[in-house]
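Structure at a glance
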Amino acid sequence: MGGAVSMVILLILLLNIAGICNGGVTSDYVRKTEASVDMPIDAFPPPSGYNAPEQVHITQGDHSGRSVIISWVTPLEQYPNLVKYWEAKSPIEHKFKAQSRPTIYKYYNYISGYIHHATINGLKYNTKYFYELGSGTGTRRFWFTTPPEVGPDVPYTFGIMGDLGQTYASNTTFEHYVSNQNGQAVLFVGDLSYADHYPFHDNVRWDTWGRFVEKSTAYQPWIWTAGNHELDYAPEIGEKIPFKPYMHRYHVPYRASHSTSPLWYSIKRASTYIIVLSSYSAYGIKLSSDFVIGLKFFPAEDKGPNNNNMLVQGKYTPQYEWLQNELPKVNRAETPWLIVLLHSPWYNSNGYHYMEGESMRVMFEPWFVDHKVDIVLAGHVHSYERSERVSNVQYNITNGLSSPVKNHSAPVYITIGDGGNIEGIANRFIEPQPSYSAYREASFGHAILDIKNRTHAHFTWHRNHDSEPVAADSLWMFNRYWNPQEENN
Ligand SMILES: [Fe+2]
């Protein structure tokens, strides 16, 4: 009898293992259903004091981490437009000053406060600085710590969030991350405020979002990626400039990486090289053999109208050209970890936004494999999913080889658009779970990437319904350049 029971248990175990191996894990965790409701407009009121600076946020200001862009909004007057800063261990009278050039923007019937961006340069690595904004009763003081000098075995811990919005669930996600004492900077994969959910894209909700996240963004850099909710393209109300509120409010150091747009850029931080791409800007296609103008097709030997071959060979979109030049610059002996942030995921087995990242994947995936990108972080889909290391680069339109295959040079793709915004959860996973999908769960949460050295990093995903230290999914990641072994979670 005992032997028969043992056999049955063994059989069940074997079947379970087989199931996991074939299709990854779809979590059986059932999230408590909650309404996705924004916090009240006065949940994070402006700070007290006359013309007090608000919505304070910082990001890296150069390519290697010795500069910080400090951004804030003053509601009533553009002056003072100064940031005073000093090394924490220096006497307080040793203050330096940097100036902003205040701007405002109009969006339909909304007029922003005075938006300030001041870049402070020449900072020491691994050093705590205080900074002060405003004057009189509106004076506010904050601090940040610069990253360690760039180097191959420098440990560093990133928080990862996306699609945050400003609901009660967003608040849980955010507070969970803030409660983690180890996070040193945030990799944010796009979709910030969801102001566009409101009539006329009520930009007051950009202000409330800036105040909501200030208690983290004022103290550690958030590395920004633009999502579709940053577009704010609304020609029906006369707003025809894409990314207008986002680009006024969130500056990034794109010129430091020779980018021509703040929507795509790179930075180095500690042992990591971070490339940010834009899913909502042209990423181009190489017109190497034949080309099309409008609906008229021209063979390659034809130089086109007026013998003008401008559109034929070697003419790419700016983002394409930039990325093509950028990837060979990454020196893995200096920054072993190569991480890409973008908004619309390439490997997503959720019914929501299915295949939306496909055209960008077709364009850029061979480069990611060639350059051994370690991790690709995306948002957009409001749940969590982690892929196996797979690629799908062998396909052409006649060979039929269209299935992803395991590839040790490929990134792990992580979809983490699970910040908890007003649009709710994405809970329609495609069945059966594809073999490229290692773990997926329809819950809100955030992640921590704890880089240990050039070979190892520990990744953990934390669902909101657990306490923050609980990791619902975790993986020891091995660096693709220095330690390209297979990982097992
Ligand atoms: Fe999105």
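Since the structure is predicted, the reported quantities are computational estimates derived from the model, not experimental observations.

1. With respect to the overall build of the chain
- Helix and strand counts for the chain come out as seven helices and 27 strands.
- Here the chain holds 489 residues, and 55% of them are scored as buried.
- Of the contacts formed within the chain by residues at least 6 apart in sequence, a portion of 70% connects residues at least 24 apart.
- When the accessible surface of the chain is split by element, carbon and sulfur atoms take 55% of a total near 21,100 Å².

2. Considering the sheet that holds strand β10 (residues 140–145)
- Pairing within the open sheet is antiparallel, and its four strands lie in the order β5-β4-β9-β10. Both edges of this open sheet fall to β5 (96–99) and β10, since each of them pairs with a single strand only. Averaged over all adjacent pairs, the angle separating strand axes in this sheet is 25°, with direction ignored.
- Taken together, the five bridges between strand β4 (residues 82–87) and strand β9 (residues 128–133) define a ladder with antiparallel strand orientation. Among the inter-strand pairings, Trp86 is bridged to a residue of β9, identified as Phe130.

3. Details of the coordination of the iron ion
- Here the iron ion is held by the protein donor atoms Asp191 (OD), Asn228 (OD1), His343 (NE2) and His380 (ND1), which lie 2.1 to 2.2 Å from it.
- The sequence motif formed by the donor residues of the iron ion is D-x36-N-x114-H-x36-H. Of this pair, Asp191 sits in the loop between β12 (185–188) and α3 (204–212) while His343 sits in the loop between β18 (337–341) and α7 (358–370); the two residues are 152 residues apart in sequence, bridging distant segments of the chain. Across the pair, His343 and Asp191 agree in class, each one buried.

4. A short note on the pattern of salt bridges
- One pass over the structure, following the stated rule, counts 23 salt bridges.
- When the shortest N-O distance is used, the salt bridge between Arg141 and Glu132 registers 3.0 Å.
- For Arg141, a relative accessible area of 44% translates into the label partly exposed.
- Given the relative accessible area of 11%, Glu132 is considered buried.
- Put simply, Arg332 and Asp374 hold a salt bridge, and the shortest N to O gap is 2.8 Å.

5. Details of the packing of aromatic side chains
- Applying the stated criterion across every chain, the model contains 35 aromatic pairs.
- Pairwise contacts between aromatic rings join Phe44, Phe174, Phe188, Trp206, Trp209, Phe212, Trp222, Trp224, Tyr246 and Tyr250 into one cluster.
- For the cation-ring pair, Lys128 lies above Trp143, with the distance from its terminal atom to the ring centre recorded as 4.5 Å.

6. Considerations on the side chain of Asp196
- In this structure, Asp196 sits in the loop between β12 and α3.
- There is no salt bridge for the buried Asp196, and the closest opposite charge comes from Arg205, which lies 11 Å off by N-O distance.
- In terms of polar contacts, Asp196 uses its side chain to reach the side chain of His229, at 2.8 Å.
- With sequence-adjacent residues up to four places away left out, Asp196 is seen in contact with His201, Asn228, His229 and Asp232.

7. So, unusual backbone geometry
- Each neighbour pair has its own omega, and for Tyr79 with Pro80 the value is 5°, a cis peptide bond.
- Backbone torsion omega between Glu431 and Pro432 reads -5°, so that peptide bond is classified as cis.
- By the element assignment, Pro432 lies in the loop between β23 (412–416) and β24 (437–441).

8. Considering the environment of Gly190
- Here Gly190 lies in the loop between β12 and α3.
- According to the relative accessible area criterion, Gly190 is buried, its value standing at 0%.
- Residues Gly190 and Ile223 lie 33 residues apart in sequence; the distance between their C-alpha atoms is 9.7 Å.
- When sequence neighbours within four positions are dropped, the list of residues in contact with Gly190 reads Gly162, Asp163, Thr225, Ala226, Gly227, Glu230 and His343.

Quick notes on the rules
- Residues numbered from 1 in each chain as written.
- Predicted model: local features only at pLDDT ≥ 70, side-chain atom pairs only at ≥ 80, totals over all residues.
- Heavy atoms only, no water.
- Helix = DSSP H or I, 4+ residues; strand = E, 2+ residues; numbered from the N terminus.
- Buried < 20%, exposed > 50% of the residue type's maximum accessible area, 1.4 Å probe, protein only.
- Contact = heavy atoms within 4.5 Å.
- Areas by Shrake-Rupley, 256 points an atom, 1.4 Å probe, with all protein chains shown as cover.
- Pairing = 2+ DSSP bridges.
- Axes fitted to C-alpha atoms, helices over the stretch in contact; angles between N-to-C directions.
- Donors = N, O, S within 2.8 Å, 3.2 Å for Na, K, Ca; no water.
- Salt bridge = Lys/Arg side-chain N within 4 Å of Asp/Glu carboxyl O.
- Phe/Tyr/Trp six-rings, centres within 6.5 Å; stacked < 30°, edge-to-face > 60°.
- Lys NZ or Arg CZ within 6 Å of the ring centre and 35° of its normal.
- Lys, Arg positive; Asp, Glu negative; His and termini not counted.
- Polar contact = N/O pair within 3.5 Å; in protein donor to acceptor, adjacent residues only side chain to side chain.

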